[in-house]
Amino acid sequence: MSSKPLLYLWFDREPGAFAPDLTIEDIPGAADIDLLTAAIMDGDLGEILPGRIHMSTHPQPESSRAVRTVDVGKLLRDIGVQHRRCYQIIRS
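Since we're looking at a predicted model, the values are computed, not measured.

(A) Quick peek at the layout of surface pockets. Volume-wise, the largest pocket comes out at about 730 Å³. Around the largest pocket, the lining comprises 21 residues; the ones closest to its centre are Ile48, Leu49, Pro50, Gly51 and Cys86. Of all the secondary structure elements, the ones that give two or more residues to the lining of the largest pocket are helix H1 (32–41) and helix H2 (72–78). A class-by-class count of the residues in the lining of the largest pocket yields 11 nonpolar, five polar and five charged.

Set out below in structure tokens:
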């Protein structure tokens, strides 16, 4: 088992209610948003991203204060990445 600290990511799902969708290494001294941006730019999250990504340093955060929610479209605009917005139809 790895002893490296991790950032736990949820794609449009509630942290704590579901297992994380993905983890990335949490590098001490680096801002979480910079680590997420690097993972996106390196392709670690794939080419199709959700509208929101929730991230936490805990695999099962006990409060909403332990979770940061990132608007992916805004992040991509802020870092100058061209992108398209798409919508998925979910039938229940």
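(B) Structural context of the side chain of His54. Along the chain, His54 falls in strand E3 (residues 52–56). Within the local environment of His54, its side chain forms a polar contact with the side chain of Thr69, the two groups lying 2.8 Å apart. Sequence-distant contacts of His54, that is, excluding residues within four places in its chain, are made with Tyr8, Leu9, Trp10, Asp12, Arg13, Glu14, Pro15, Val67, Arg68 and Thr69.

(C) Examining unusual backbone geometry more closely. Backbone geometry places Asp12, a non-glycine residue, at a positive phi of 55 degrees. Among the secondary structure elements, Asp12 is positioned in the loop between strand E1 (6–11) and strand E2 (22–25). On the accessibility criterion, Asp12 (39% relative accessible area) is partly exposed.

Scoring rules and cut-offs
- Residues numbered from 1 in each chain as written.
- Predicted model: local features only at pLDDT ≥ 70, side-chain atom pairs only at ≥ 80, totals over all residues.
- Heavy atoms only, no water.
- 1 Å grid on protein atoms, 1.4 Å probe; cavity = no way out; pocket = protein on both sides within 12 Å on 5 of 7 lines; lining within 4 Å.
- Points joined across faces, edges and corners; volume = space filled by probe spheres on them.
- Helix = DSSP H or I, 4+ residues; strand = E, 2+ residues; numbered from the N terminus.
- Nonpolar A, V, L, I, M, F, W, Y, C, P; charged D, E, K, R; others polar.
- Polar contact = N/O pair within 3.5 Å; in protein donor to acceptor, adjacent residues only side chain to side chain.
- Contact = heavy atoms within 4.5 Å.
- Buried < 20%, exposed > 50% of the residue type's maximum accessible area, 1.4 Å probe, protein only.

In short, geometric facts, not functional conclusions.
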